[in-house]
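Coordinates in review
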Amino acid sequence: MGRYFSSSGTRLNRKIFNKLTEMIKLSPHLLLDNKSLSEAIAGEFDVSVTVETTDIVTLVDQIDEAVLEQYFSRVWQPETKKYKYSGLSIIDQVNSLNPRAVLDAGCGYNEFKGKIQNLTGVDPFNPRADIKSHILDYNTDTQYDVVICLGSINFGSADKIFQEVKKVVNLTKSGGLIIFRVNPGIQHIARESKWIDFFDWDIAFVLNIAKALNCQIQQLRTDTAQDKNQSLLNGERLYFVFEKQ
């Protein structure tokens, strides 16, 4: 589903931080007038934010949130059917476990709803989600048999990515599975994705984070298009499955 799951709290989009710093260095008077700063932000990043502070880290997070919401609620479209490992085959894979509770974290259009049994879709932007929430803000007493994270934990710094993976591991019962599709840092081609800072996942980080969170890796491979005649609009991904110990 190639979705996102940014969280509330600082994530420091490097692209936006560098550009905003450049803007302020060229026109420091923007820091004296919130209206002018808001207009400059709208002109550069093509999003509307309410400027109530000139703290650059806060502003970067505001712009980042607006950019993500605009792209993933209005522009982005899923390519679930194309993926060889993290596509529709997940439906049978999960249902074969006869799960009592499944979480789709960053469900986007909630494509698996009604196809995977006992599934709850959580998403920060898409109105088709069962619950509209960032993953770090999502609280429940439920321990899930399976958590699905397809492209949703992919935005911000390494410490934020770690906290989000830790959160979904904590939401999973012992012996349960967490299914991931992650972006190795490939930029999406749509113009509206220009300012999105995609985290560059790699195999070493997958191995290290599994060890740190006491998870066993069941599968780890490059995810490609299942049909050789098809291509993935935004490139190949890493697919891996954790089992919580």
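Refer to the structure presented above.
In this report, we go over the structure that sits alongside the text.

The rules behind these values
Residues numbered from 1 in each chain as written. Predicted model: local features only at pLDDT ≥ 70, side-chain atom pairs only at ≥ 80, totals over all residues. Heavy atoms only, no water. Helix = DSSP H or I, 4+ residues; strand = E, 2+ residues; numbered from the N terminus. Expected span 1.5 Å × (residues − 1). Buried < 20%, exposed > 50% of the residue type's maximum accessible area, 1.4 Å probe, protein only. Arc of directions from axis to C-beta. Contact = heavy atoms within 4.5 Å. Polar contact = N/O pair within 3.5 Å; in protein donor to acceptor, adjacent residues only side chain to side chain. Axes fitted to C-alpha atoms, helices over the stretch in contact; angles between N-to-C directions. Parallel < 35°, antiparallel > 145°, perpendicular 65-115°, else oblique. Left-handed = near helix turned anticlockwise from the far one by under 90°. Nonpolar A, V, L, I, M, F, W, Y, C, P; charged D, E, K, R; others polar.

1. So, helix α2 (residues 34-45)
Compared with an ideal rise of 1.5 Å per residue, which puts twelve residues at 16 Å, α2 spans 16 Å between its outermost C-alpha atoms and is within 8% of the ideal. For α2, every residue scored as buried is listed here: L37, I41 and F45. For α2, the buried positions fall inside an angular range of 40° around the axis, keeping them on one side. More than 90 degrees from the buried face of α2, the exposed residues found are K35 and G43. For α2, the elements touching its buried residues are α1 (14-26) and α3 (56-74). Between the side-chain oxygen of the N-cap and the backbone nitrogen of K35 there are 3.1 Å, and the N-cap of α2 in question is D33. Positive phi shows up at D46, right after α2, with a value of about 60°.

2. Looking at the environment of R128
Mapping R128 onto the fold places it in the loop between β2 (119-123) and β3 (131-132). Overall, the relative accessible area of 53% leaves R128 in the exposed class. Distance in space between the C-alpha atoms of R128 and N110 is 6.0 Å, their sequence separation being 18 residues.

3. Some points on helix α5 (residues 158-170)
Each α-helix turn comprises 3.6 residues. Residues three or four places apart therefore point the same way. With 13 residues, α5 ought to run about 18 Å at 1.5 Å a step, and its terminal C-alpha atoms sit 18 Å apart, in line with that. Every buried residue of α5 is listed here: K160, I161, E164, V165, K167, V168 and V169. Residues of α5 that are buried sit in contact with β1 (102-105), β4 (144-150), β5 (172-182), α6 (203-212), β6 (215-223) and β7 (237-244).

4. Quick look at the packing of α2 against α3
For the pair α2 and α3, interaxial distance at closest approach is 12 Å and the crossing angle is 45°. In terms of orientation, α2 and α3 fall into the oblique class. As α2 runs across α3, the sense of the crossing is right-handed. The segment α2 lies against α3, with L37, I41 and F45 engaging L59, I63 and V67. Looking at the contact of α2 with α3 residue by residue, the class counts come to six nonpolar, no polar and no charged.

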